[in-house]
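Chain by chain, the residues:
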Amino acid sequence: IILVIGNVAFMVPLAISNALAVKVGYANGAKDYPEMVKYIKNGMGISICVMIIASAVFATFPHQLISIFTNDVKLISITVPVMYIVAAYQISDGIQVSMSGIYKGLKKTKFVMLANMLGYLFIGISLGTYLGIIRKMYLLGCWLGIAVSSAVLSAILITGLFIILRRLKKQYI
């Protein structure tokens with residue numbers, strides 16, 4: 001249920017990511033730093049705005065959204081608390097997918113792969129398993145692991161982008 005609802009919002013930043021890969025790639029190839037930064041700011045701004053709206057919807061109407069898919073009171077009581085975590089996750093998920101498009105345009109895909117491995121494989125799976133299974137938080141613990149890993153991944157990608165852009169500015173301007 002949560003994945004279906006979340007994927008609808010995720011499609012916009014995914015599409016923006018693809019556009020960013022092309023536009024940033026062209027600007028990078030032309031060594032046009034101001035144009036490249038303009039595309040990055042605009043693309044990230046749109047993605048973040050869309051995901052903030054999705055996050056607000058998830059946090060404001062969790063019961064109503066889940067009730068679209070099921071009338072099972074027990075299932076609704078289990079999934080409503082998870083929707084608040086999903087609401088927070090939406091923002092970092094939109095950031096990380098849009099950032100991956102930027103990194104494609106900058107030809108820095110190895111960094112994205114390594115950051116994803118760190119974020120999801122090592123942090124997300126480990127934390128989700130620990131909280132969900134060992135601490136017996138079940139679905140809530142698994143989603144906490146995913147949300148934390150996405151936030152860490154977004155922070156890594158943002159930090160890396162600032163470093164890369166600083167270097168490119170010196171080269172191109």
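Residues numbered from 1 in each chain as written. Predicted model: local features only at pLDDT ≥ 70, side-chain atom pairs only at ≥ 80, totals over all residues. Heavy atoms only, no water.

(A) Structural context of the nonpolar core. Grouped together as the largest cluster of nonpolar side chains are 23 residues, with contacts concentrated most on M36, I40, M99, I102, L106 and L161. At the level of elements, α1 (2–29), α2 (33–60), α4 (73–105), α5 (109–134) and α6 (138–172) are the ones that each hand at least two residues to this core. Sort the elements by how many residues they give to this core and α6 lands first, with seven residues. By size, the runner-up hydrophobic cluster in this structure holds 16 residues, among which are A9, M51, I85 and W143. (Core = buried A, V, L, I, M, F, W, Y, C linked by side-chain atoms within 4.5 Å. Buried < 20%, exposed > 50% of the residue type's maximum accessible area, 1.4 Å probe, protein only. Helix = DSSP H or I, 4+ residues; strand = E, 2+ residues; numbered from the N terminus.)

(B) Spotlight on a positive patch on the surface. A contiguous patch of positive charge on the surface is contributed by K108, R166, R167 and K170. Note that R166 resides in helix α6. (Patch = residues over 30% accessible without salt bridge, like charges linked within 9 Å, V, L, I, M, F, W, Y side chains within 5 Å. Areas by Shrake-Rupley, 256 points an atom, 1.4 Å probe, with all protein chains shown as cover. Salt bridge = Lys/Arg side-chain N within 4 Å of Asp/Glu carboxyl O. Lys, Arg positive; Asp, Glu negative; His and termini not counted. Charge placed at Lys NZ, Arg CZ, Asp CG, Glu CD.)

(C) Highlighting the confidence of the model for the chain. Here the chain shows a mean pLDDT of 94. Residues at 70 or above account for 97%. Here α1 stands out as the element of the chain with the lowest mean pLDDT, 89, in contrast to α6, whose mean of 97 is the highest. (pLDDT = per-residue confidence, 0-100.)

(D) Representation of α5 in the model. Along α5, the sharpest change in direction is near 35 degrees and occurs at G124. Residues of α5 that are buried: V112, A115, G119, G124, G128, L131 and G132. The elements touched by buried residues of α5 are α4 and α6. (Bend = angle between axes of the 7 residues up to and from the residue. Contact = heavy atoms within 4.5 Å.)

(E) Quick peek at unusual backbone geometry. A positive phi angle, close to 60 degrees, is found at K107, a residue other than glycine. Positive phi outside glycine occurs at K136, with the angle close to 60 degrees. Relative to the helices and strands, K136 resides in the loop between α5 and α6. Accessibility expressed as a relative area gives 55% for K136, which makes it exposed.

(F) Fine view of the layout of surface pockets. By volume, the largest pocket is sized at about 190 Å³. Top element by residues in the lining of the largest pocket is α2. It accounts for five residues. Of the residues belonging to the lining of the largest pocket, the class tally is 10 nonpolar, no polar and one charged. (1 Å grid on protein atoms, 1.4 Å probe; cavity = no way out; pocket = protein on both sides within 12 Å on 5 of 7 lines; lining within 4 Å. Points joined across faces, edges and corners; volume = space filled by probe spheres on them. Nonpolar A, V, L, I, M, F, W, Y, C, P; charged D, E, K, R; others polar.)

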